[in-house]
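Summary of the model geometry
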Amino acid sequence: MDNFNYLFAVFRPDVLLVIASGTLGGLIIGALPGLTATMGVALLIPLTFGMDPMVGLNMLIGIYIGGIYGGSISSILLRTPGTPASAATLLDGYPLAQKGQAGKALGMATISSFVGGILAAFVLASLAPQLAAVALKFGAPEYFALALFGLTIIASLSGSILKGAVAGALGVLISTVGADPISGVSRYTFGFPGFAGGLAFTPALIGLFALSEVFAQMEKIFRAEDAPIKVSRDFPNLADLRQSLSAMLRGGLIGTIVGIIPGTGSGTASWIAYSEVRRSSREPEKFGTGHLPGIAATESANNAVCASALIPLLALGVPGDVVTAVLMGGLMIQGLAPGPVLFESRPDLIIGIFGGTFVATIFMLLFGLLGIPLFSRLLLVPKRILTMSIVAFCFIGSFAINLNVVDLYTMVGFGVLGWGMHKYGFSQAALCIALILGPMAEANLRRGLLQTGDDIVAFISGPITLLFLALTALSVILPLIRAKRLDSSGIAPAQSPN
């Protein structure tokens, strides 16, 4: 009976209003390039100090869920990832919007985000302590093997395996700029203090995908104005949903599993989901051209992480990703220590968070569906004005993160690099994956070898490590086999989705 009373407290009008406000605010923050969900949660933590812990934390969770979803809006409409978690969404979302089907793309992103979020929320409510115990078994070897497996995704994202490998190697090389993860010695900073902490990831992402697109469109901008894109207000129909259902569920499952593993996050989950759905598809050549299952996979995965990342935070006191690390600060402000004791000392708070996660996900669906007609109208703005606005958002968003001029140089540099890669057929997505997973692989490889005394056999002998290494081998071999079959049949390989 007490549990029902705790759950019923979430549905009080004042609590619902706070959760709705947080979700809508997070959606707006996520849709603006450079303003991440992490930033939104961090900025509003002080407001929760005078609130009831359950109300304040659910507001922050609403910002988190809304922010991760909101990033898909600018990814689809402007080819500008609102958050790092939505970078993979633009691969199919933006081409679909350019075909005049922005409403369908946004609708699929919204529905998939809801499906992934609800699936992970059920897991959060039912299996939190059990699943968190599995994540606790991850050490440096397991994290390295996971990162290595993620890096092999590059092969399946690139039409040319060689070009994919070059892009990935370049991304790993760039990710080494900054302090050495073990010794702390500066590397490749060329004497610039601003690079001591490494290249800022979000400005790099904005430059790689958004500013590079501006450079690619410059010739068109200064010609006679293009005819405006016709914007369809159609939502995904039943056939579209049936086509994408498997991708939604698979993406939600991948996002749930990845979210439980501390230190990974939505960006990693979305890329893994996109790769796996594309790899198993009967029509892999359609991915990157405006294929709805591609949107369904990435959006269900990155939103599933929102709920599943709370599992290790609440059950073990270990944040699942960067945003939940900030949420941990919100718990601390309230004088609460996350971990197993919290389940016993504050069951009302735990159940309230479970219920609030469901409610915030439902509000995200409602706000997303109601806002699609308004969002889609962005494409009716003349391309010249829209492109100049994107440039302004790129500079404002990149600078606002750290108030650091060096981030602007990073953004412009990656913009030029991304433009060159797009022009010569190198995968920007492959570079993005390497930037995310390169530091994770390096740090855990070196840490693990230090722990085992440079004994490579002991390093890779764990069952979870061996599982990921086996998946890595398959990830490398299968694209080679597929490419050989295509060559023998005379069929051209799929183009790299940039």
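Further remarks concern unusual backbone geometry. For residues that are not glycine, phi is negative in most cases, and the peptide bond is trans in most cases. In this structure, Y188 is a non-glycine residue whose phi angle is positive, near 55°. Inspection of the secondary structure puts Y188 in the loop between β2 (186–187) and α10 (201–221). Here the phi dihedral of D454 falls at roughly 65°; this positive angle occurs in a residue that is not glycine. Take D454: it is sitting in the loop between α20 (428–451) and α21 (456–459).

If charged atoms from side chains of opposite charge come close, those side chains can pair. Taken as a whole and judged by the stated rule, the model has nine salt bridges. Across the pair D14 and R12 runs a salt bridge whose closest N-O atoms are separated by 3.3 Å. The exposure class of D14 is partly exposed, given its relative accessible area of 41%. Relative accessible area serves as the criterion here: at 35%, R12 is assigned to the partly exposed category. Overlapping salt bridges bring together D180, R187, E442 and R446 as one network.

Okay, the nonpolar core next. Membership of the largest hydrophobic core comes to 125 residues, with the highest contact counts inside it found for V41 and Y64. With 15 residues, the top contributor of residues to this core is helix α4 (residues 53–78).

On to the packing of aromatic side chains, then. All chains considered together, the criterion is met by five aromatic pairs. On the numbers, 5.7 Å between centres and 85° between planes, the contact of Y274 with F287 is edge-to-face. Of the two residues, Y274 is situated in helix α12 (residues 266–280) and F287 in the loop between α12 and α13 (292–308); the sequence distance between them amounts to 13 residues. Side by side, Y274 and F287 carry an identical accessibility label, which is buried. For the ring pair F363 and F367, a centre distance of 5.9 Å and an interplane angle of 15° mean the geometry is stacked. One end of the pair is F363 and the other is F367, both in helix α17 (residues 347–376) and four residues apart, which spans about a single turn. With a relative accessible area of 18%, F363 lands in the buried category. Positioned above the aromatic ring of F426 is the side chain of K163, whose terminal nitrogen or guanidinium carbon lies 5.3 Å from the ring centre.

Attention now moves to the confidence of the model for the protein. Overall, the predicted model of the protein reaches an average pLDDT of 80, with 83% of residues at or above 70. Across the protein, α13 holds the top mean pLDDT of 91, while helix α8 (residues 153–157) sits lowest at 62. Note on residues 491–497: pLDDT is under 50 here. Beyond four places in sequence and across chains, it has 21 contacts.

So, how was this worked out
Along each chain, numbering runs from 1 in the same order as the chain's sequence is written. In view of the model being predicted, local features appear only for residues whose pLDDT reaches at least 70, and side-chain atom pairs are presented and counted only at 80 or more, with totals across whole chains, interfaces and linings using the full set of residues. Calculated side-chain values reflect all of the structure's heavy atoms, with hydrogen atoms and water omitted. Going along the chain from the N terminus, every DSSP run of H or I of four or more residues is numbered as a helix, and every run of E of two or more is numbered as a strand. When a carboxyl oxygen of Asp or Glu lies within 4 Å of a side-chain nitrogen of Lys or Arg, that pair is called a salt bridge. The buried label goes to any residue with under 20% of its type's maximum accessible area, the exposed label to any with over 50%, and the partly exposed label to all in between, with areas taken from a 1.4 Å probe on protein chains only. Nonpolar cores were defined as sets of buried Ala, Val, Leu, Ile, Met, Phe, Trp, Tyr and Cys residues, with membership established by side-chain atoms within 4.5 Å. Here is the rule: rings of Phe, Tyr and Trp (six-membered ring for Trp) pair when centre to centre is within 6.5 Å. Planes less than 30 degrees apart are stacked, more than 60 are edge-to-face, and the remainder are tilted. Whether a charge sits over a ring depends on NZ of Lys or CZ of Arg being within 6 Å of the ring centre and within 35 degrees of the ring normal. Confidence scores here are pLDDT values: one per residue, from the predictor, ranging 0 to 100. Any two residues whose heavy atoms approach within 4.5 Å are treated as being in contact.

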